[in-house]
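Architecture at a glance
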4 protein chains.
Amino acid sequence: MLREHEIQIRVRYQETDAQGHVHHANYLNYFEMGRIELLRANGTNYREFEASGKMLVVSKIACRYFHPARYDDLVTLKTTTTHIRGARLEHHYELTRKGTLLVEGETTIACVDQDGKVCRLPGFLLLEKD
Amino acid sequence: MLREHEIQIRVRYQETDAQGHVHHANYLNYFEMGRIELLRANGTNYREFEASGKMLVVSKIACRYFHPARYDDLVTLKTTTTHIRGARLEHHYELTRKGTLLVEGETTIACVDQDGKVCRLPGFLLLEKD
Amino acid sequence: MLREHEIQIRVRYQETDAQGHVHHANYLNYFEMGRIELLRANGTNYREFEASGKMLVVSKIACRYFHPARYDDLVTLKTTTTHIRGARLEHHYELTRKGTLLVEGETTIACVDQDGKVCRLPGFLLLEKD
Amino acid sequence: MLREHEIQIRVRYQETDAQGHVHHANYLNYFEMGRIELLRANGTNYREFEASGKMLVVSKIACRYFHPARYDDLVTLKTTTTHIRGARLEHHYELTRKGTLLVEGETTIACVDQDGKVCRLPGFLLLEKD
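Keep in mind that this is a model prediction, so the values were computed, not measured.

Rotating chain D by 180° and translating it 0.0 Å along the rotation axis places it on chain B, where the RMSD comes to 0.0 Å. Here the symmetry operator amounts to a two-fold rotation axis. Comparing interface residues between copies, 100% of those in chain D also sit at the interface in chain B, which points to an isologous, same-surface contact.

What follows covers helix H1 (residues 27-41) of chain C. Residues and elements named next belong to chain C. With 15 residues, H1 extends 21 Å from end C-alpha to end C-alpha; this agrees with the ideal 21 Å at 1.5 Å per step. Of all 15 residues in H1, 12 are buried; the element is thus mostly enclosed. Listed as buried for H1 are Tyr 27, Leu 28, Asn 29, Tyr 30, Phe 31, Glu 32, Met 33, Gly 34, Arg 35, Ile 36, Leu 38 and Leu 39. A positive phi of about 90° marks Gly 43, the residue just after H1.

Here the focus is unusual backbone geometry. All names here are of chain D. Here Asp 72, not a glycine, exhibits a phi torsion of approximately 75°, which is positive. Tracing the sequence through the fold places Asp 72 in the loop between strand E2 (54-65) and strand E3 (74-85). A positive phi angle, close to 45°, is found at Lys 98, a residue other than glycine. Within the secondary structure, Lys 98 sits in the loop between strand E4 (88-97) and strand E5 (100-113).

Listed as interface residues are 22 residues of chain D and, on the opposing side, 22 residues of chain A. Around 1,700 Å² of area is buried between chain D and chain A when both sides are counted, 56% of it from carbon and sulfur atoms. By the criterion of area lost to chain A, the three top residues of chain D are Gln 19, His 24 and Ile 61 of chain D, representing 30% of everything that side buries. Connecting chain D to chain A are 0 salt bridges. The interface formed by chain D and chain A includes 12 residue pairs in polar contact (both at pLDDT 80 or more). At the level of secondary structure, the elements contributing two or more residues to the side of chain D that touches chain A comprise helix H1 (27-41), helix H2 (46-51) and E2 of chain D. Among the elements that make up the side of chain D that touches chain A, the one with the highest residue count is E2 of chain D (11 residues). Here the side of chain D that touches chain A is composed, by residue class, of 11 nonpolar, 6 polar and 5 charged. The sheet contact formed by strand E2 (residues 54-65) of chain A and E2 of chain D spans 5 bridges and is antiparallel. Following the sheet pairing, Ala 62 of chain A is matched in E2 of chain D by Ala 62 of chain D.

Cut-offs and rules
Residues numbered from 1 in each chain as written. Chains lettered and ligands numbered in written order. Predicted model: local features only at pLDDT ≥ 70, side-chain atom pairs only at ≥ 80, totals over all residues. Heavy atoms only, no water. Least-squares fit on C-alpha atoms with pLDDT ≥ 70 in both. Contact = heavy atoms within 4.5 Å. Helix = DSSP H or I, 4+ residues; strand = E, 2+ residues; numbered from the N terminus. Expected span 1.5 Å × (residues − 1). Buried < 20%, exposed > 50% of the residue type's maximum accessible area, 1.4 Å probe, protein only. Buried area = accessible area lost by both parts, 1.4 Å probe. Salt bridge = Lys/Arg side-chain N within 4 Å of Asp/Glu carboxyl O. Polar contact = N/O pair within 3.5 Å; in protein donor to acceptor, adjacent residues only side chain to side chain. Nonpolar A, V, L, I, M, F, W, Y, C, P; charged D, E, K, R; others polar. Pairing = 2+ DSSP bridges.

Encoded structure:
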């Protein structure tokens, strides 16, 4: 199972703010894209996963901002799974532009059922051998 | 029944873009707030309406931009119902700052059921006498 | 000069709303991506254009919504330049999923200087021969 | 000087996602609104502050999500300044609905000049006596 995955993201105009760079909240959307593509690279389609009646919800985030991304930048996001167990998934994120670290973060994701009750991650997400 | 309603909106930082003013897509969110508050002023809670199994979806918008709103502006949105009949609701919007017209628009809203099929607006929305 | 360009867009989770599909305001961001990529395909980098002291602002939009896009859909946006003259650029947009038309729209873009005054489009944008 | 301030926020439709509640990235916009209104309650207009050539940028955030906010919820955000010194401002945030804690977070804000260089907070922000 892949633990690491990289995607490239082109910064959209709408993601910037009047300070001229990406609004700090929008990096969280990039992180979400990163973990979804990591799942896809491992053969898991998150939309189908949700259709099965469970969903993944973010329970915790942390983020450090070093340098701003700007409109039209082509940035690279590396997403790493750092922990999978029980009902919990943890990821680490590094957003870079030509090798310079712009933003770094971590999320903890919980698996919940349709009533919002925490439940065990399905087997295919728990396979930790690589 | 009220046909016109005004709300005040404080422009958020995240709604601006690198050009220094509100990104043009975000005015559509203001319009949506305007028509929801017009419904509320008429005694209709849109959340409860959706809970009843129907929903209102935007089928058409038009928008003209005259002057930009900027971060922290306190702008006034006047929403007017211009047409209610069958499955269709039409609104007109005028966004002003201290009397100056910034943005103007219209939307057509359709009532659909959970399968996305167009259906008649409920009776309380059709009452057109004032 | 190319008058038509197609891009593919993967719908992001954050772009959806509680009705389960893309919020209607977000299609305007897709349109913006479409015209920027059309400019790029024609050799014009919009970021550099802005750095030259002029900018393009949206003065008018119209949009019809036929079918909703959903999370994780891979949709196709065809952007067509329909008019270039003086200070004005007009585009037409068709968003499709596997050949089905979801959303269709038009925008009028004006060229303005840093004071917001309308000014003539630069020569390289006015070249209309293909 | 006030260290604590409360605002009420009505959840917008556009802020929700297909899971039916506020997308996790959007709470960061609420936090930003909270600290701007705390500044305003203390007599500081952030827009004027930016016009003076300095700006505040987020350098660090942390956020824990306990319960989701839903469309049309009227939520209460309490913003507390926990640290002001040199070039750094720290805030704590508690978002509640009818007394139930939904989301909790912290941000670290740095003061930078137009070149992005960290600089001392202006005097009026450093006054810590109340």
